[in-house]
Amino acid sequence: MVPEIGIGPLTLQTFGLAMAAGFVAAAALAARRFAELGRSPEFAWELAVAALVGGIVGARAYYIVEHWDEAKSDLLGQIFSGSGLVWYGGLAGGALAALAWAAARRELGVWLLGAVAAPLALGQAIGRIGCQLSGDGDYGVRSDLPWAMAYPDGTVPTSERVHPTPIYETLALGLTAALLWRLRDRLSSSALFGLYLALSGLGRFLVEFVRRNPEVAVGLTAAQLIALALTVSGLALLARELAAARRERASLASG
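Keep in mind the model is a prediction, meaning the values are calculated, not measured.

Reading the values: the criteria
- Residues numbered from 1 in each chain as written.
- Predicted model: local features only at pLDDT ≥ 70, side-chain atom pairs only at ≥ 80, totals over all residues.
- Heavy atoms only, no water.
- Axes fitted to C-alpha atoms, helices over the stretch in contact; angles between N-to-C directions.
- Helix = DSSP H or I, 4+ residues; strand = E, 2+ residues; numbered from the N terminus.
- Parallel < 35°, antiparallel > 145°, perpendicular 65-115°, else oblique.
- Left-handed = near helix turned anticlockwise from the far one by under 90°.
- Contact = heavy atoms within 4.5 Å.
- Nonpolar A, V, L, I, M, F, W, Y, C, P; charged D, E, K, R; others polar.
- Pairing = 2+ DSSP bridges.
- Buried < 20%, exposed > 50% of the residue type's maximum accessible area, 1.4 Å probe, protein only.
- Core = buried A, V, L, I, M, F, W, Y, C linked by side-chain atoms within 4.5 Å.
- Salt bridge = Lys/Arg side-chain N within 4 Å of Asp/Glu carboxyl O.
- Phe/Tyr/Trp six-rings, centres within 6.5 Å; stacked < 30°, edge-to-face > 60°.
- pLDDT = per-residue confidence, 0-100.

### Regarding the packing of helix α7 (residues 165–182) against helix α8 (residues 189–207)
Between α7 and α8, whose axes approach to 10 Å, the crossing angle comes to 165 degrees. Comparing the axis directions of α7 and α8 gives the class roughly antiparallel. Crossing of α7 over α8 shows right-handed handedness. Here T165, Y168, E169, L173, T176, L179 and L180 of α7 come into contact with α8, specifically with L192, L195, Y196, L199, S200, R204 and V207. Split by residue class, the contact of α7 with α8 holds nine nonpolar, three polar and two charged.

### Brief notes about the pairing of strand β4 (residues 158–162)
Regular strands show a simple pattern: their side chains alternate between the two faces of the sheet. Of the pairings in the sheet, the one linking strand β3 (residues 149–151) to β4 comprises two bridges and is antiparallel in character. The residue bridging M149 from the neighbouring strand is V162, located in β4. Connecting β3 to the next strand, β4, in antiparallel fashion are six residues.

### A short note on the environment of V207
Note on placement: V207 falls in helix α8. Look at V207 and you get buried, because its relative accessible area is 9%. Considered as a pair, V207 and P166 are 41 residues apart in the sequence and their alpha carbons are 9.1 Å apart. When residues no more than four places from it in sequence are discounted, the contact partners of V207 are T165, Y168 and E169.

### Brief notes about the packing of α8 against helix α9 (residues 222–254)
Relative to each other, α8 and α9 sit at 150 degrees, their axes nearing to 7 Å. One element, α8, and the other, α9, form an angle in the roughly antiparallel class. Note that α8 runs across α9; the crossing there is left-handed. Here S190, A191, F193, G194, L195, L197, A198, G201, L202, R204 and F205 of α8 come into contact with α9, specifically with A223, Q224, A227, L228, L230, T231, G234, L235, L237, L238 and E241. Split by residue class, the contact of α8 with α9 holds 14 nonpolar, six polar and two charged.

### Describing the nonpolar core
Residues L180 and Y196 are the most contacted members of the largest nonpolar core, which totals 16 residues. Contributing elements (two or more residues each) for this core: α6 (110–134), α7, α8 and α9. For this core, the leading source of residues is α8, giving six residues. Apart from residues no more than four positions distant in its own chain, L180 is found in contact with A117, A118, A121, L192, L195 and Y196. Formed by 13 residues, the second largest nonpolar core is a distinct cluster that contains A31, F34, L47 and L112.

### A look at the pattern of salt bridges
Evaluated as defined, the whole model comprises 15 salt bridges. Here D185 ties to R33 by a salt bridge, and the two come within 3.0 Å at their closest N and O atoms. In this pair, D185 sits in the loop between α7 and α8 while R33 sits in helix α1 (residues 14–36), placing the two residues 152 residues apart along the sequence. With a relative accessible area of 58%, D185 lands in the exposed category. A residue is classified by how much of its surface remains accessible, and R33, at 8% relative accessible area, is buried. Measuring nitrogen to oxygen at the nearest pair gives 3.3 Å for the salt bridge that ties R211 to E169.

### A look at the packing of aromatic side chains
Tallying each qualifying case throughout the model produces five aromatic pairs. Measuring from ring centre to ring centre gives 4.7 Å for Y139 and Y151, while their planes differ by 25 degrees; the resulting arrangement is stacked. Linking Y139 in the loop between α6 and β3 with Y151 in strand β3, this pair joins segments that are 12 residues apart in sequence. Taken as a pair, Y139 and Y151 share a single burial class, namely buried. Summarising the aromatic geometry, the rings of F205 and F209 are spaced 5.3 Å apart at their centres and angled 90 degrees between planes, so their arrangement reads as edge-to-face.

### Quick look at the confidence of the model for the chain
Considering every residue of the chain, the mean pLDDT works out to 89; 91% of them sit at 70 or more. Looking over the chain, one finds the lowest element-wise mean pLDDT in helix α4 (residues 75–79), namely 50, and the highest in α7, namely 97. Of the regions scoring below 50 in pLDDT, residues 78–83 engages in eight contacts with residues more than four places distant in sequence or in other chains.

Shown next as structure tokens:
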């Protein structure tokens, strides 16, 4: 594990570096897609900045709500703490900030959903590398599999061999990004975004079975419940778009 990198007098957190790299990669890929669609590539970078700010705020807010009993005694300190960032809080905060900025720039539309599908998956895949490098506790339960590993030098250390779940998520999201990119001109924007929701949600839902998070309802973790909702929403959106496409083809054939 490499939680920190020292460069002269500077000490850089690998989690933060990976998160920044994820945002840059996602913005660069989105800028390329925007250019293909005749939109401003610079707008992709604006969205990335908005999502970064909103994501940090959302991730921190989710953590404080989730750990309210601990946080309420030092609320101000908890708000500005650099630790304790929850992924789904960041996803919600980043999405809301990006949508608000798109609305302010009068660029909000269905086209945007499809354009950011592959970049979102790519950014998530790279961000999870930071979890692996820092050993921040996102790893899984004990395992005897050949690729299981310990995190003795992580920010949340363990000498027990466990599932390297950040690697699982990086691989799943990386493949999702590649598939979405290949299909970017074959599916409608809504269908593409639905596929992103379905695949990213399904991947997280499955990984949670070997994660260390506590169950909250019907034998599932909070992350699994959210992932399940995203998966169902994505499948519903995808099914609706595919049905509409079939109806349109049938109408053209009969005409």
